[in-house]
Amino acid sequence: MAKPAANGPLKLMIVDDSNIIRRRIERSQQIARLEVVGSASNGRAAVEMFRRTQPDVVTMDLTMPEMDGVECVQELVAINSEVLILVVSALADKATAVDAIAKGANGFLCKPFTDRQLNDALEELLSEA
Amino acid sequence: MLKESEIRTFIEGTTNYFEATAQQCASVGSPYLVTDGNPGAYEYTGVIGISGARKGVVYFTAPRGMLTVLLMRMQETDTSDENIRDLVGEVANTISGNARRDFGKNFVISVPVVISHDERQLTTPHARSFVIPINWRTHSAKLVVCLE
């Protein structure tokens, strides 16, 4: 996986079956270090886009058609174990979060979220980079 | 018999959505009981099916006007039918997520289904439903809880 240029933006991919959520994340992410390189509406499309765009950071919904988020997390981590994945889901129970983290996600943000919560979650994720 | 705490979980799932995405709280009207099997619906409805410890449906139904303004509050300029359906599905998705968190595995909750422009597609499995009015700005929606 290509590393971002020094001080250059990190590449962000958004995965969510909701168009309004994808667009909202695109609009609200105001972290200068992130550049949106693509968005996908299901896990299968996300894996294909991941190979093509090689993002550094991914926001991942869990409940999606064709391939769900947890399975997609596993696939992405198998391709690049250094990718940072923030799960963004309405599935607010602890077991779901633990499962996603165990499969390779790095953070969990519950829907619905404010712009501030999203940015804080991404900042926290990037602090691990 | 439905517990008040169970109904509160569904209400909080709904009002949290408005608070987080629009930064404007929704208020809850006086709940009422409908016993004729026809709690009614607006143009757009997000339905979740529930089985396990309770059986039935919970749905959030709202008029286009409310959902359009809510989208605009989210800085979304595309207020097409597709995005309105997407939005009402997301509200139902949030209600579903809250219920999973609070009720655990005793409740099996389906992925939301969106129904629009055709109330006839919407059926409740029992005659009795609790209807909770959800008021936001000048608009009114309903949360309908129809559980055994």
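Residues numbered from 1 in each chain as written. Chains lettered and ligands numbered in written order. Predicted model: local features only at pLDDT ≥ 70, side-chain atom pairs only at ≥ 80, totals over all residues.

1. Things to note about the overall build of chain A
- Tallying secondary structure elements over chain A gives 5 helices and 5 strands in all.
- Helices and strands appear in chain A in the N-to-C order β-α-β-α-β-α-β-α-β-α.
- In terms of overall size, chain A behaves like a compact globule, its C-alpha atoms giving a radius of gyration of 13 Å where 129 residues would be expected to give roughly 14 Å.
- Over its C-alpha atoms, taken along the principal directions, chain A stretches across nearly 40 × 30 × 25 Å.
- Taking all 129 residues of chain A together, the buried fraction comes to 43%. (Helix = DSSP H or I, 4+ residues; strand = E, 2+ residues; numbered from the N terminus. Rg over C-alpha atoms; globule rule 2.2 N^0.38 Å. Buried ≥ 20, exposed ≤ 12 C-beta atoms within 10 Å, placed from the backbone.)

2. Focus: the overall build of chain B
- Secondary structure assignment for chain B yields 3 helices and 8 strands.
- For chain B, the N- to C-terminal ordering of α and β elements is α-β-β-β-β-α-α-β-β-β-β.
- Here the C-alpha atoms of chain B give a radius of gyration of 14 Å, agreeing with the 15 Å that 2.2 N^0.38 yields for 148 residues.
- When the backbone C-alpha atoms are referred to their principal axes, chain B occupies close to 40 × 30 × 30 Å.
- Taking all 148 residues of chain B together, 42% fall into the buried category.
- Taking all contacts inside chain B whose residues are at least 6 apart in sequence as the whole, residues at least 24 apart take part in 67%. (Contact = placed C-beta atoms within 7 Å.)

3. Some thoughts on the interface of chain A and chain B
- Taken together, the contacts link 16 residues of chain A with 20 residues of chain B.
- Across the side of chain A that touches chain B, the residue classes break down as 7 nonpolar, 4 polar and 5 charged. (Nonpolar A, V, L, I, M, F, W, Y, C, P; charged D, E, K, R; others polar.)

4. Here's the deal with the confidence of the model for chain A
- Here chain A averages 89 in pLDDT, while 91% of its residues score no lower than 70.
- Of all the helices and strands in chain A, helix H4 (residues 94–102) of chain A carries the lowest mean pLDDT, 87, while helix H2 (residues 43–53) of chain A carries the highest, 97. (pLDDT = per-residue confidence, 0-100.)

5. Concerning the sheet that holds strand E5 (residues 107–110) of chain A
Residues and elements named next belong to chain A.
- Strand order in the open sheet formed by 5 strands is E2-E1-E3-E4-E5, with parallel pairing between adjacent strands. Edge positions in the sheet fall to strand E2 (34–40) and E5, since each has one partner strand and no second. Geometrically, the sheet is characterised by an average inter-axis angle of 20° between neighbouring strands, direction not taken into account.
- In the sheet, strand E4 (residues 84–89) pairs with E5 via 4 bridges, with the strands oriented parallel. (Pairing = 2+ DSSP bridges. Axes fitted to C-alpha atoms, helices over the stretch in contact; angles between N-to-C directions.)

6. Some remarks on unusual backbone geometry
Residue and element names in this part refer to chain A.
- A cis amide bond links Lys111 to the next residue, Pro112, at an omega of -5°.
- Non-glycine residue Gln54 carries a positive phi angle of around 50°.
- By the secondary structure assignment, Gln54 is in the loop between H2 and strand E3 (57–60).
- A positive phi angle, close to 70°, is found at Glu66, a residue other than glycine.

7. A few points about the nonpolar core
- Among the nonpolar cores identified, the biggest contains 73 residues, and Met60, Ile85 and Val87 of chain A together with Val58, Phe60, Leu67 and Val88 of chain B are the most heavily contacted of them.
- A total of 7 residues in this core trace back to one element, the largest contributor, which is helix H3 (residues 81–103) of chain B.
- With sequence-adjacent residues up to four places away left out, Ile85 of chain A is seen in contact with Val58, Met60, Val73, Leu76, Gly104, Ala105 and Asn106 of chain A. (Core = buried A, V, L, I, M, F, W, Y, C linked by C-beta atoms within 7 Å.)

8. Things to note about helix H1 (residues 4–22) of chain B
All names here are of chain B.
- With 19 residues, H1 should cover 27 Å at 1.5 Å per step; its first-to-last C-alpha distance of 27 Å lies within 8% of that length.
- Among all positions of H1, only Glu6, Thr9, Phe10, Ile11, Gly13, Thr14, Asn16, Tyr17, Phe18 and Thr21 are buried.
- Buried residues in H1 make contact with strand E1 (27–28), strand E4 (56–62), H3, strand E7 (129–136) and strand E8 (139–147).
- At the exit of H1 stands Gln23, carrying a positive phi of roughly 55°. (Expected span 1.5 Å × (residues − 1).)

9. Quick notes on the packing of helix H2 (residues 64–73) of chain B against H3 of chain B
All names here are of chain B.
- In contact at an axis separation of 10 Å, H2 and H3 are set at 90° when each is read in the N-to-C sense. Overall, the two elements H2 and H3 adopt an arrangement that is roughly perpendicular. Of H3, the residues touching H2 (which contributes Arg64, Leu67, Thr68, Leu70 and Leu71) are Asn83, Ile84, Leu87 and Val88.
- Here the residues of the contact of H2 with H3 sort into 6 nonpolar, 2 polar and 1 charged. (Parallel < 35°, antiparallel > 145°, perpendicular 65-115°, else oblique.)

10. Details of helix H1 (residues 19–28) of chain A
- The complete set of buried residues in H1 of chain A reads Ile20, Ile21, Arg22, Arg23, Arg24 and Ile25 of chain A.
- Structurally, H1 of chain A contributes buried residues whose contacts are with strand E1 (10–15), E2, E3 and helix H5 (115–126) of chain A together with H2 and H3 of chain B.

11. Observations concerning the packing of H2 of chain A against helix H3 (residues 69–79) of chain A
Residue and element names in this part refer to chain A.
- Relative to each other, H2 and H3 sit at 15°, their axes nearing to 9 Å. Relative to H3, the element H2 is oriented roughly parallel. Two packed elements cross with a definite hand, and for H2 against H3 that hand is right-handed. Residues Gly43, Ala46, Val47, Phe50 and Arg51 of H2 pack against Gly69, Glu71, Cys72, Glu75, Leu76 and Ile79 of H3.
- Its residues assigned to classes, the contact of H2 with H3 shows 6 nonpolar, 2 polar and 3 charged. (Left-handed = near helix turned anticlockwise from the far one by under 90°.)

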